[in-house]
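The chain contents come next:
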Amino acid sequence: MKAGELIFHHVRLVFENVSQTPTDWPFIFFLPVMVGIFIASREKFQARLAPFAKPIVLVGSVLMLLASFRIAISYLSMNFIINSYATLFATTSWLFCLGQPVYSGIHAQEPYSLPYGPYGYMLVGWFQQALGPSVFSSKLAPFLATFGSWIFLYLALRSRVAWLSALALTALASALLLPFDPIQFWPRPDPFLLFSISGGLWASTRRGVWGPILLGVFIGFAINLKVYAFAFFFLAIAGAWRNHKSLGLWALAGLAAAVTALLPFAWPNISMEDYLRILKMDAASRFMDGFAIQYVEWWVVLSM
């Protein structure tokens, strides 16, 4: 095979793979950004495209959001759950509604616990209880949390920039998360974690006294989902500190975070002792493994 044919073969292969599974190729979603940077660095392109800049940004943002929406709807409409952990998560959520222990004891005959906080189980379980236990009801709460996170992110950005810029940045954020598809829609803590972080960013832009308190609620909610989630809120806390520097107000925010994080353990079938034991066992088995890389990726993407 000649060099030219070999290059063409590989280019065509990449194009086919990207076309079939675009979310497995995260660099694709950076191409519009790179094209924009290239155009912005060339004065002759700026002059020619200036009249069309806003329509291009608007259409590109809407298409990007529609692509994300389409993937989310597709997963919601599937009559099955892809991941075994997500299936166990949905099952445990229904056990919560039945009054069964969310975290199995150390001497349980059939241990089924996952190292996630109780809020995720509770929210998914309440939707199952309201709509009946099914695949759809198990997916609905994470689905709504994902779209709620986009709304909060847009509102947070809108308080700082024009509506079109806020829309474009929200669309870019949704595209950056697509390589993690469908983890952001799974019945797992991740969609709720995304919701709480976006909500925290929105709360950090509030200038009233409720801003830090709401931020504390979102932080407590996230820490309850995954104990290391406080690391995702450094930017939100820094932004809120610029608007509110009252130590008393931040003490209330800390109290709100603590109460929110600990509240689910008041339920009789949610044991903090068993939960902490599971966290300890999970930390010992997963230290510096492949999941650690995933956590770093999530931190980078969510911080952006």
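Just above sits the structure.
Keep in mind the model is a prediction, meaning the values are calculated, not measured.

### A short note on the environment of Val102
Within the secondary structure, Val102 is located in the loop between α5 (84-97) and α6 (118-131). Classification of Val102 as buried rests on a relative accessible area of 1%. Sequence separation between Val102 and Pro118 is 16 residues; the distance between their C-alpha atoms is 7.5 Å. Once you skip the residues sitting within four places of it in the chain, Val102 turns out to touch Thr92, Phe96, Tyr112, Ser113, Tyr121, Asn269 and Ile270.

### With respect to the packing of helix α7 (residues 135-158) against helix α9 (residues 189-204)
Running from N to C, α7 and α9 point in directions that differ by 20°, and their axes come no closer than 8 Å. As the angle between them shows, α7 and α9 are arranged roughly parallel. As for how α7 packs across α9, the hand of that crossing is left-handed. Within the contact between the two elements, α7 uses Ala141, Pro142, Ala145, Thr146, Gly148, Ser149, Phe152, Leu153, Leu155 and Ala156 and α9 uses Pro191, Phe192, Leu194, Phe195, Ser198, Gly199, Leu201 and Trp202. Residue composition of the contact of α7 with α9, grouped by class: 13 nonpolar, 5 polar and no charged.

### A look at a positive patch on the surface
A contiguous patch of positive charge, built from Arg160, Arg207, Arg242 and Lys245, is present on the exposed surface. Judged by its relative accessible area of 56%, Lys245 is exposed.

What counts as what
- Residues numbered from 1 in each chain as written.
- Predicted model: local features only at pLDDT ≥ 70, side-chain atom pairs only at ≥ 80, totals over all residues.
- Heavy atoms only, no water.
- Helix = DSSP H or I, 4+ residues; strand = E, 2+ residues; numbered from the N terminus.
- Buried < 20%, exposed > 50% of the residue type's maximum accessible area, 1.4 Å probe, protein only.
- Contact = heavy atoms within 4.5 Å.
- Axes fitted to C-alpha atoms, helices over the stretch in contact; angles between N-to-C directions.
- Parallel < 35°, antiparallel > 145°, perpendicular 65-115°, else oblique.
- Left-handed = near helix turned anticlockwise from the far one by under 90°.
- Nonpolar A, V, L, I, M, F, W, Y, C, P; charged D, E, K, R; others polar.
- Patch = residues over 30% accessible without salt bridge, like charges linked within 9 Å, V, L, I, M, F, W, Y side chains within 5 Å.
- Areas by Shrake-Rupley, 256 points an atom, 1.4 Å probe, with all protein chains shown as cover.
- Salt bridge = Lys/Arg side-chain N within 4 Å of Asp/Glu carboxyl O.
- Lys, Arg positive; Asp, Glu negative; His and termini not counted.
- Charge placed at Lys NZ, Arg CZ, Asp CG, Glu CD.

Just distances and angles here, no functional claims.
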